[in-house]
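The residues making up each chain are set out below.
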Amino acid sequence: MNDPFYIEGLRFGCTACSKCCRHEPGFVFLSSNDILRLMDATGLAFRDFLIKFTRTVDLGTGLAISLLETNRFDCIFWNEGCSVYPARPLQCSTYPFWERIVESRKSWLVEAEDCPGMGSGPLVSMELIDELLARRWKHPPVLVPYGYTLENINENSILGSARITANTSDSIES
Ligand code: SF4
Ligand code: SF4
């Protein structure tokens, strides 16, 4: 297998421009651990959190759970910055080190056109990039079977295993 193009690391330093959090429609898909953390951050129970802050999105193989947006396409948690920053979803905390973005130099450069932090700032090592990718594999977005809604998704089926592993060191990323 060929070495990844980022073998010598990639420079990234978020400028906090918030471009990836607002102004354009998009999805922030949640893993079980994301939901647990955000329930804690908002002080809401499972059902109340889902109904107040999320929506389902049909992925063709089931329903993913994504954060809501305002009618101006801002993330529901954006308020002069991320209002849940320490508990933000893995999708946010691992950006821009996503599979499709670090797939090739070309995909990295295309994404960098929309993110001023990519290509400047501290060097992020290949080892750390691979660790972030592995974390994303380990905590994929929740996929709910068709037929369920936010009102009747079974809490244990979504959070059961996340609760069991919540006390292990790598189950909830910092
Ligand atoms: S677009 Fe890039 S630089 Fe701007 S907030 Fe998002 S990650 Fe940071
Ligand atoms: S949760 Fe926070 S970091 Fe993620 S998109 Fe929303 S405002 Fe941005």
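Residues numbered from 1 in each chain as written. Chains lettered and ligands numbered in written order. Predicted model: local features only at pLDDT ≥ 70, side-chain atom pairs only at ≥ 80, totals over all residues.

A. Expanded view of the overall build of the protein. Within the protein, the regular secondary structure consists of six helices and five strands. Secondary structure elements in the protein, listed N-terminal to C-terminal, are β-α-α-β-β-α-α-β-α-β-α. For the protein, the C-alpha radius of gyration of 17 Å lies close to 16 Å, the compact-globule estimate for 174 residues. C-alpha extents for the protein along the principal axes are approximately 45 × 35 × 30 Å. Put simply, the protein has 174 residues, and 23% of those count as buried. Across the protein, every contact between residues at least 6 apart in sequence was considered, and the portion connecting residues at least 24 apart equals 74%. (Helix = DSSP H or I, 4+ residues; strand = E, 2+ residues; numbered from the N terminus. Rg over C-alpha atoms; globule rule 2.2 N^0.38 Å. Buried ≥ 20, exposed ≤ 12 C-beta atoms within 10 Å, placed from the backbone. Contact = placed C-beta atoms within 7 Å.)

B. Broad picture of the sheet that holds strand β3 (residues 63-67). As summarised here, the arrangement of the three strands in space is β2-β3-β5, forming an open sheet in which the pairing is antiparallel. Bordering the open sheet on either side are β2 (54-58) and β5 (143-144), each of which pairs with just one other strand. Summarising the sheet, β3 and β5 pair through two bridges and their orientation is antiparallel. Looking at the pairing, Leu63 lines up with Val144 of β5. (Pairing = 2+ DSSP bridges.)

C. Here's a closer look at the site of ligand 1. Surrounding ligand 1, one finds Cys14, Thr15, Ala16, Cys17, Ser18, Lys19, Cys20, Tyr95, Cys115, Pro116 and Gly117. A breakdown of the residues in the shell around ligand 1 according to their chemical character gives seven nonpolar, three polar and one charged. (Near = placed C-beta within 6 Å. Nonpolar A, V, L, I, M, F, W, Y, C, P; charged D, E, K, R; others polar.)

D. Expanded view of the site of ligand 2. Taken together, Cys21, Val28, Cys75, Phe77, Trp78, Cys82, Val84, Arg88, Pro89 and Cys92 make up all the residues around ligand 2. Grouping the amino acids of the shell around ligand 2 by side-chain chemistry returns nine nonpolar, no polar and one charged.

E. Layout of the pairing of β3. Burial analysis of β3 places four of its five residues in the buried class, which makes it a mostly covered element. Relative to β3, β2 is paired through five bridges, and the arrangement is antiparallel. Paired with Asp58 across the strands is Leu63, a residue of β3. The turn joining β2 and β3, which pair antiparallel and follow one another in sequence, is formed by four residues; a positive phi near 95° is taken by Gly60.

F. Region of interest: unusual backbone geometry. The peptide bond linking Tyr95 to Pro96 adopts the cis configuration, its omega dihedral lying at 5°. You can see Pro96 is positioned in the loop between α3 (90-93) and α4 (105-112). At Ser18, a residue that is not glycine, the phi angle is positive and equals roughly 70°. Here Ser18 shows up in the loop between β1 (10-12) and α1 (32-42). What makes Ser18 partly exposed here is the crowd of 15 C-beta atoms within 10 Å. Phi is positive for Glu80, close to 55°, though the residue is something other than glycine. For Glu80, the position within the fold is in the loop between β3 and α3.

G. Examining the nonpolar core more closely. Counting residues in each nonpolar core, the largest one holds 16 residues, and the members touching the most others are Ile35, Phe49, Leu67 and Cys75. Among the elements of the structure, α1, α2 (46-53) and β3 are those that each provide at least two residues to this core. Setting aside anything within four residues of it in sequence, one finds Cys75 in contact with Cys21, Arg22, Val28, Leu67 and Glu69. Ranked by size, the runner-up nonpolar core spans seven residues in total, among them Leu10, Phe12, Phe97 and Ile129. (Core = buried A, V, L, I, M, F, W, Y, C linked by C-beta atoms within 7 Å.)

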